Every structure is written in structure tokens, then in C-alpha cells.
Amino acid sequence: MRNRTCLTLLGVLMTATALAQTEPQKSPPLATVSPPPNIQTAGKIPAEKSPPPPTNPVAQTQGETTTPTPEDKNPPPPFDTANMDTSVKPADDFFMYANGGWIKRTPIPPEYSRWGSFNQLIEKNNDALHDVAELAAGETTTTDPDTKKVGDYYASGMDEATVEVARAKPLADELKRIDGVKDRNNVLKEIAHLHTLGITSLFGFTSGQDDKNSTMVIAQAYQSGLGMPDRDYYTKTDDASKKLRDQYVQHVTKMLTLLGEEPKAATEHAKKILALETSLAQASRTKVELRDPEKNYNKMKTSALQALTPDFKWDAYFKESNLTDPGDLNVGQPDFFKGANKVFAGTPIDDWKEYFRWHLVHATATELSADFVNENFNFYETTLRGTKQIKPRWKRVVASEDGSIGEALGKLYVADYFPPESKARMLDLVKNLQSALADRIKTLEWMDEPTKQAALKKLAAFTVKIGYPDKWRDYSNLQIDRGPYVLNAIRASMFDVHRELNKINKPVDRSEWGMTPPTVNAYYNPKLNEIVFPAGILQPPFFNPKADDAINYGGIGAVIGHEMSHGFDDQGRQFDEVGNLRDWWTPESAAKFKERSNAIVKQYSEYEPLPGLHVNGQLTQGENIGDLGGVKIAYAALQKALAGKPREKIDGFTPEQRFFLGFAQIWRSVQRDEDLKLQVNTNPHSPARYRVNGPLSDLVEFQKAFNLPDNCPMVRPADKKVNIW
């Protein structure tokens, strides 16, 4: 269904529509609708349509990759020196110095567009989830409702023979409804109906916190409606973009043909779908423009929205959506809705029907028969990301289940795989990081006292969520059975849409989570002023109960610091301690912050992952600020933890050196060029090499730890060093 909107560590709540995002980006099991900017909506995150965000540009062809299982009796050491490449000097390229040995011997598995520490941990968690789902599927007489739903969903997905025979027949009622669209009023009703299924159609509509009244949930309307990853794929005029649009038309043609259309007619319909989506893309804001919370806040009465879109009857839309009184709503991008109104009024009815068919089959393709699955994979994975081979069926089913009923699955997962002592140690680490950041704020030379006090107040108000929710989601009104797999996915999506819309005009539930417990990720949510660390990421190499402090502070400590820094990055700093979009900065301190954030934009814009392809410093600035602040804060916290203790070397490295090595190892990865291009074009996170070398080259602490000369590549000149938090 919809991508979720939280601030995450790597590269998430992924994309221009989220304030930031963690690696990897999981996508929903149904449509690839983008969420409204700055809206936190707990729930679905996984599946196959959009794999994890990319990382390192170095592609490899030799070696062997091993994936530990949850029962691994011989775990690797907290830091394995065999992963290093000591032929590279730390002064020249620390990313390769720390990870080059691993990179040389590690190929990218054909199932992936990139492979790294995140993926290895995801695979380990997948094995655990596989065991959980298999066990639940075998307990056919269980009286526990969540166990039954987990088992039935998995069993329906794994019943490959039935799925193959059915092909698209389970969609017959939806296709018949689309065939019955006769006029503009029917078009409007179908748009609303598809929205109730969680499927992309013209625009997006959901609920979310009121940016300027963080205690309440209001309706949210936002730009959407596209089938490709971003509006730029429709608007760029270079040869590569034109070729990709031709490939998109071929893909849509094939999918419509699989639904039964004649190839010639399907080709003409696909071209018209591209034209419709191009009109929406031209009216859409860019990912950089979407980073401005103030511009995305346009609260208005429904009468004002009606005046904005005179041809689209909102009363009829709300009635079809079972919303009797949406009240005031936020219209994220008013100019988009003006453009969408023209598309709605000017597009022929038959073209709308083809658009609806396309987005229905696009949204459900991964739960249909192999011909649909493979064609979907060919475009969204092979063409866009360079992935060579589809994942085994059980992995795809587990991912779909995590996205559909992730808290039911997660409840069973944490019972077996998340020890209480991990949560207790994490709380201590978070407390130490908060203390270190508070010390740093108090001594900032560029921030004045009134702003410091407000910043400290916000920091002290952080909510910390670790492992799993205190209150599990209630799925009792959701029907899951061992019937058609795709219908389970659709019903789960409908359940989630209803749950979201039912929040409108009600108080915010601050206990909700935006990720499922098994997720290898973390996030900061500015509207709740919270940092969240699911159980899935609280394992090696990020968090290792057996590791020395230096490795843990370099790993999960930097993750914690990264999420804390999001509260004070270019977007997060605009929200106050209770989550309201409010300017709590003095003009003087704001100007000095802007000067420093501009410097980090300039620094990262200089990086060139592939010839002619530069990092977008504006798009990635929030995550780059998070990376720089995170490692600096974690280092300061380590110094506190080491105070009064002996500074013993391990593997020949001081604690300070192991800290930076531990930090670098969480970003080790190899990546296909196609995926790297997609990341640079659409993702708010920099490639892995620059997530290591970028922040470390700004830190005098790093230079001192490895005794690096001033004029080396890993030390930026003093007048170009960026130092924010």
C-alpha cells in the first residue's frame, strides 16, 4: 500500500515525501503511492517493488557471501580485521580501508541490486520470520487470532499452484467495476474506491497530524498518481530518460496484455497512460521542493479545496470514501491539485479506465501469478535497479506479510528473537547519547542562549521507543484466510486505509509505531518528537551485546545520534518539543545554522559516485546532517563511557580507532550502477562511501585518532570543515 512517512536513518520513510529515511527502504505490498510530505503514518513498509536504498558504487564479481542464521553458533567477531584492506591508507579512503577486503571478496547476489551489512541482517531476520510464519501456518487448530492470521496469510501466499491457476481472476470484480465506468461521476467514484484499497489514483489522501496542532489528526491530500518512482522520470529530456519512458510504455503494454487486451490496443493505451501521468508529473513538486514543511502546510476548509478544483466534486468523493465530515484538511501541494483538476476534467473516459486497470494490476502484481510477478520484476527491479534474479517465493511472501499484518507477525518474532537485556542496554546508550548532545548544545559557539534553551527543552522531551510497541495493533476486524493470496493483501490494505481515515478529527495516538518490529531500520518522527529503534536493527553489526563499547558506540551509537540529529536538521529543526511546526529559533541563530547547512550542501554536491553523476546536496542535506551529527555525538558519548577506564588496544587498535572502524563497517556494501543512479536521482541519503568519508573528513577527532596529515584526502581543509552539532 502506501509508503510510510517517518524520518529514518538510511536510506526510508525513503524518498522526497518523507523527511528522511532509513536503509533499507521497504515498500508496501500493494501500490507504490507516495505518502504526503511530513505526515507520519504508522503501518506498512515492506515488499518487493522497491528494494532497499542503495549504497556503495563499487560493483564486484568474485568471492563468496555468507548469511548467518538466527541460530548461528559461530558469530563473527564484533569487528573482523579480515574485512579491511590495509593496502589502502586511512588517510586516502577510509571507507575502503575499513571495508575493502570484504568488498573484494563479496559479489552482489543476483536477487539484490546492492548487498551490504543491512541486507545481511535482513536475511538473518528473514530466516527468523520464515520460521515464525511456517510454524504459525502449521498450527491449524490455534485459538490465538494473531497466530491464525499469520499462518493463514503465509499459507495463502505459499499456495503457488492455486495462485498460478487463478492468474488475475481474483481481480474480476474490480475489473468489472472499472469496465462499468461510463461518465465523469463514475471516474470520480472509481478514484475514491481505489483509494479505499490503498491504490494510486490521481492524487493521494490519508490522515496525519496537523503540523501546527500536533495533538490532533486531520485529513491530508497530496500529490501522487504516478507509476514511475518520481516526477523527474517523466519530465527529463535526456536520452536515458526518454529510453526509460519507452521501456515503461512497453512494461505497461505487457501488463495490460496479461489482463487480456490485444497487444496493439494495449500499446496505444499505455501511451495514453504515460501522457496522463506526465501531466500529473508536470504539476508535481520536485523532491527538493517537497523538503519544505511550511510550503507543504496549506490547511483549508473543504470549500476552499472545492474552489481549487472546481470540476472535482469533493462531497461525492468523501461519500464514496465513507467520510461524512472530513473537517479542515491540509492540501500539501495546491498547484498540483489545480493541475490534477485539469487532468480529471480533460482526460477521456476510456483513458481513465485504462489508467485504473493499469494501477490496479500494478498494485497487485506481486501477489498474482508468475507472469505478472516476473513482468513487474523485470521493469521495477531489473530495468530500474539492475537486479538480476527474483527472490525465492517464501521471502516475497514474508515481506508482503510484514507489510500487511506486520505487528501480528512482529509479536511472534520478538517473543523468540528479542531478549529483554537488549532493550535495557539500548536505553542506557540512548541516555548517554542524549547527555552528550546536551553537552554539545550547551557549548555551541554559533548558537545564542535563547535558542540553546529551546533546543535543550526539545532534546529533553524526546520520546524513545525500543524494540516493539507497548500496545499491539488490533487486527480483529481484518479477514485473513487461506483463499486467494491477492485478496488477503487487498483486505489488509483496505483495513489499513480504514484505520488511517478513522483517525481524522481525533486526538493523536502517540503510542503508535511507524515500522514493524522486525524492520532493520530506525527513524525520527518530528511530529511526535520521538526516536524509534525496532528490534530488527538491534543486532550485529549495529548492536552487539558482546562487543566492546567502542564498536557499539560506532555502530548503534551513531545510529542513535543520527536520529537525534534529525530533530535539529534542516527540516526537523522547524518542529518544536511537542511536534508543532513552529519557529523557535532567533533570527541570528537561524542564519548561522543556514550558513552551516549550506556548507554541507556544497560539500556533498562535490561528490561524484559515477562519471557525470553528482550527489544532490540539497536533497540529501538532512541525512548528511544526521550522519555528521550522529558520529560526532556518539564519539563524545564514548569518551564519557571510557572515562576512568583503561584504554586497551584490541586487534592493535585504540578505542577511538575501533569506534571509527565500527562506524564504517555498518555501511559496507556493494551496489549495481543502475541502483546507484536511481538512488542519486530519488533518495535523500548519500551513497555509502560518502556516508563514511563525508562526515569523517569533517571531524578533527577522526584526524587525531589516526594521526592523519592536514593535506590528505580524508581531512578537509580547516576553512571547509562543516561542524553543526
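Residues numbered from 1 in each chain as written. Predicted model: local features only at pLDDT ≥ 70, side-chain atom pairs only at ≥ 80, totals over all residues. Heavy atoms only, no water.

Caption draft 1: Highlighting the packing of aromatic side chains. What the rule picks out here adds up to 51 aromatic pairs. Chaining the aromatic ring pairs together yields one cluster made of Phe203, Phe205, Phe312, Trp314, Tyr317, Phe318, Phe336, Phe337, Phe344, Trp352, Tyr355 and Phe356. Residue placement shows lysine 423 over the ring face of tyrosine 468; its charged tip is 4.8 Å from the ring centre. (Phe/Tyr/Trp six-rings, centres within 6.5 Å; stacked < 30°, edge-to-face > 60°. Lys NZ or Arg CZ within 6 Å of the ring centre and 35° of its normal.)

Caption draft 2: Highlighting the sheet that holds strand β3 (residues 203-210). Taken in spatial order, the four strands line up as β3-β4-β6-β5 in an open sheet, and their pairing is mixed. Lying at the two open borders of the sheet, with one neighbouring strand each, are β3 and β5 (299-300). Of the pairings in the sheet, the one linking strand β4 (residues 213-223) to strand β6 (residues 329-331) comprises three bridges and is parallel in character. Counterpart to alanine 219 in the pairing with β6 is leucine 329. Of the strands in this sheet, β3, β4 and β6 are in contact with helix α12 (residues 334-346), which crosses β4 at around 40°. (Pairing = 2+ DSSP bridges. Helix = DSSP H or I, 4+ residues; strand = E, 2+ residues; numbered from the N terminus. Contact = heavy atoms within 4.5 Å. Axes fitted to C-alpha atoms, helices over the stretch in contact; angles between N-to-C directions.)

Caption draft 3: Quick look at helix α2 (residues 117-138). In this model, α2 (22 residues) spans 32 Å end to end at C-alpha, consistent with the 32 Å of a helix rising 1.5 Å per residue. Across the 22 residues of α2, 17 count as buried, placing the element largely inside the fold. (Expected span 1.5 Å × (residues − 1). Buried < 20%, exposed > 50% of the residue type's maximum accessible area, 1.4 Å probe, protein only.)

Caption draft 4: Up close: the nonpolar core. Phe94, Phe533, Phe660, Leu696 and Trp725 are the most contacted members of the largest nonpolar core, which has 123 residues in total. Per element, the largest residue contribution to this core is ten residues, and it comes from helix α21 (residues 621-642). Here phenylalanine 660 is in contact with Phe94, Val631, Tyr635, Leu696, Leu699, Glu701, Phe702, Ala705 and Phe706, once residues within four sequence places are set aside. Leu197, Leu202, Leu274 and Leu280 belong to the second largest nonpolar core, which has 70 residues in total. (Core = buried A, V, L, I, M, F, W, Y, C linked by side-chain atoms within 4.5 Å.)

Caption draft 5: Local environment of the side chain of glutamine 671. Take glutamine 671: it is sitting in strand β10 (residues 669-671). Within the structure, glutamine 671 has its side chain in polar contact with the backbone oxygen of aspartate 675 (distance 3.4 Å). A polar contact is formed between the side chain of glutamine 671 and the side chain of glutamine 679, at a distance of 3.5 Å. (Polar contact = N/O pair within 3.5 Å; in protein donor to acceptor, adjacent residues only side chain to side chain.)

Caption draft 6: A look at the packing of helix α22 (residues 655-665) against helix α24 (residues 688-696). Where α22 meets α24, the closest approach of the two axes is 9 Å, and the angle between their N-to-C directions is 150°. Comparing the axis directions of α22 and α24 gives the class roughly antiparallel. Judged by residue contacts, Phe660, Phe663 and Ala664 of α22 engage Arg691, Val692, Pro695 and Leu696 from α24. (Parallel < 35°, antiparallel > 145°, perpendicular 65-115°, else oblique.)

Caption draft 7: Representation of the pattern of salt bridges in the model. A complete count under the given rule lists 45 salt bridges for this structure. Arginine 473 is the salt-bridge partner of glutamate 407, the closest N and O atoms lying 3.5 Å from each other. You can see glutamate 407 sitting in helix α15 (residues 393-417) and its partner arginine 473 sitting in the loop between β7 (463-467) and α18 (485-501), a full 66 residues away along the chain. Both residues of the pair, glutamate 407 and arginine 473, count as buried. Among the salt bridges present, the one from arginine 499 reaches glutamate 500, with a minimum N-O distance of 3.3 Å. We note that arginine 499, like glutamate 500, is buried. Within the structure, one salt-bridge network assembled from shared partners comprises Asp496, Arg499, Glu500, Lys503 and Glu512. (Salt bridge = Lys/Arg side-chain N within 4 Å of Asp/Glu carboxyl O.)

Caption draft 8: Seen up close, helix α16 (residues 420-442). For α16, built from 23 residues, the straight-helix expectation of 33 Å at 1.5 Å per residue is met to within 8% by its first-to-last C-alpha distance of 34 Å. Every buried residue of α16 is listed here: Ser422, Met426, Leu429, Val430, Leu433, Gln434, Ala436, Leu437, Ala438, Arg440 and Ile441. On its buried face, α16 sits against α17 (449-460), β7, β9 (530-534), α19 (549-566) and α21.

Caption draft 9: A look at the environment of threonine 366. Following the sequence through the fold, threonine 366 ends up in the loop between α13 (349-364) and α14 (370-385). Owing to a relative accessible area of 13%, threonine 366 belongs among the buried residues under this scheme. Separated by 3.1 Å, the side chains of threonine 366 and glutamate 367 make a polar contact.

Caption draft 10: The arrangement of the side chain of aspartate 146 in detail. Structurally, aspartate 146 can be placed in helix α3 (residues 145-158). By relative accessible area, aspartate 146 is classed as buried at 9%. With near-sequence residues (within four places) excluded, aspartate 146 lies in contact with Ala408, Lys411 and Tyr475.

Caption draft 11: Summary view of the confidence of the model for the chain. Summary statistics for the chain give a mean pLDDT of 90 and a share of 90% for residues scoring 70 or more. Contacts from residues 31-35, a stretch scored under 50 in pLDDT, to residues over four places away or in other chains number 26 contacts. In the predicted structure, residues 37-71 sits below a pLDDT of 50 and forms 183 contacts with residues beyond four places in sequence or in another chain. (pLDDT = per-residue confidence, 0-100.)

Caption draft 12: Here's a closer look at the environment of phenylalanine 379. Examined against the element boundaries, phenylalanine 379 turns out to sit in helix α14. Along the primary structure phenylalanine 379 and valine 252 are separated by 127 residues, whereas in three dimensions their C-alpha atoms are 9.5 Å apart. Setting aside chain neighbours within four positions, we find phenylalanine 379 in contact with Met228, Leu244, Gln247, Tyr248, His251 and Leu384.

Caption draft 13: Fine view of unusual backbone geometry. The step from proline 540 to proline 541 runs through a cis peptide bond, and the omega angle for that step is 5°. Looking at the secondary structure, you find proline 541 in the loop between β9 and α19. At leucine 202, a position not held by glycine, the phi torsion is positive, near 70°. Tracing the sequence through the fold places leucine 202 in the loop between α6 (184-196) and β3.

Caption draft 14: Summary view of the environment of serine 201. In this fold, serine 201 is placed in the loop between α6 and β3. When the C-alpha atoms of serine 201 and histidine 359 are compared, they prove to be 7.3 Å apart, with 158 residues separating the residues in sequence. If we ignore the near neighbours within four places in the chain, the residues touching serine 201 are Ile191, Leu194, His195, Tyr355 and Phe356.

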